[in-house]
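# Structural description and commentary
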Amino acid sequence: MPSAPSLPDENAAILRKLTAALAEERARCERLEGGIRAAAEREQQRLAQALHDTISQSLTGIHLMAEVLARKHAATAPEAAADLAELSEIILGSTFELHRLITSLRPPLEP
C-alpha cells in the first residue's frame, strides 16, 4: 500500500497548480489588453477619418469661399472684403489645428 504524500509534497503540487493557473490568467489578461488596445486604435482611426471627411472638408470649402468673396468684393466693398479675408485666415487656422488633432489620433507607423 502506497504511503500518503507528505505535506511538503502536497504543498509543492498546490504551488505548481497555482503557478500554472496564474500563468494562464496572466496570458488571458495580456490577450484582453491587446484586444482593448486594438479596439481603441481602430476607434481613433475611425474618428480621425470622420473628422477629415466631414469637418475638415467643410472648413476647407468655407475658407475658399471666404477667400473668393474677399477678392470679388475688394474693389466695391473693401471693408467687407477685409473682414472676409480675416475670416478666411481664422478658418485656415482652425483647419490646421484640426489637422494637428487628426494626426495625433492616428497611431504612429511601425518601422
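How each quantity is defined
- Residues numbered from 1 in each chain as written.
- Predicted model: local features only at pLDDT ≥ 70, side-chain atom pairs only at ≥ 80, totals over all residues.
- Heavy atoms only, no water.
- Helix = DSSP H or I, 4+ residues; strand = E, 2+ residues; numbered from the N terminus.
- Rg over C-alpha atoms; globule rule 2.2 N^0.38 Å.
- Buried < 20%, exposed > 50% of the residue type's maximum accessible area, 1.4 Å probe, protein only.
- Contact = heavy atoms within 4.5 Å.
- Areas by Shrake-Rupley, 256 points an atom, 1.4 Å probe, with all protein chains shown as cover.
- Lys, Arg positive; Asp, Glu negative; His and termini not counted.
- Charge placed at Lys NZ, Arg CZ, Asp CG, Glu CD.
- Salt bridge = Lys/Arg side-chain N within 4 Å of Asp/Glu carboxyl O.
- Expected span 1.5 Å × (residues − 1).
- Core = buried A, V, L, I, M, F, W, Y, C linked by side-chain atoms within 4.5 Å.

## Overview of the overall build of the protein
On a plain count of helices and strands, the protein comes out with 2 helices and 0 strands. What you see for the protein is a C-alpha radius of gyration of 31 Å, clearly larger than the 13 Å of a compact globule of 111 residues, by over 25%. Burial status across the protein gives 14% buried among its 111 residues. Within the protein, contacts between residues separated by at least 24 positions form 74% of all contacts whose residues are at least 6 apart in sequence. For the protein, the exposed surface amounts to about 8,800 Å²; the carbon and sulfur share of it is 65%. Separation between the mean location of the 12 positive side-chain charges and that of the 16 negative ones in the protein comes to 8 Å.

## Considering the pattern of salt bridges
Following the criterion strictly, the structure yields 5 salt bridges and no others. Notably, a salt bridge pairs glutamate 43 with arginine 46, separated by 2.6 Å at the nearest N-O pair. Pair noted here: glutamate 43 and arginine 46 are both in helix α1 (residues 7–72), with a separation of 3 residues, about one helical turn. You can call glutamate 43 partly exposed: its relative accessible area is 40%. A salt bridge links arginine 100 to glutamate 97; the nearest nitrogen and oxygen atoms lie 2.6 Å apart. Of this pair, arginine 100 and glutamate 97 are both found in helix α2 (residues 78–105), 3 residues apart, which corresponds to roughly one turn of the helix. Take arginine 100: its relative accessible area is 47%, and that puts it in the partly exposed class.

## Some details on α2
Residue pairs three or four apart in sequence face the same way in an α-helix, which turns once every 3.6 residues. Along its 28 residues, α2 runs 41 Å from first to last C-alpha, staying within 8% of the 40 Å computed at 1.5 Å per residue. For α2, every residue scored as buried is listed here: Ala81, Leu84, Ser88, Ile91, Thr95, Leu98, Ile102 and Leu105.

## Description of the nonpolar core
Counting 7 residues, the largest nonpolar core is built from Ala48, Leu51, Leu59, Ile91, Leu98, Ile102 and Leu105. Elements supplying a minimum of two residues to this core: α1 and α2. At 4 residues, α2 tops the list of elements feeding residues into this core.

## Notes on the side chain of serine 56
Here serine 56 lies in helix α1. Not counting the four nearest positions on each side in its chain, serine 56 is found in contact with Leu51, Leu98 and His99.

## Let's talk about the environment of isoleucine 90
Along the polypeptide, isoleucine 90 turns up in helix α2. The sequence separation of isoleucine 90 and proline 78 amounts to 12 residues, and the corresponding C-alpha distance is 18 Å.

## Describing the environment of arginine 46
On the basis of relative accessible area, arginine 46 is assigned to the partly exposed category, the value being 47%. Sequence separation between arginine 46 and glutamate 67 is 21 residues; the distance between their C-alpha atoms is 31 Å.

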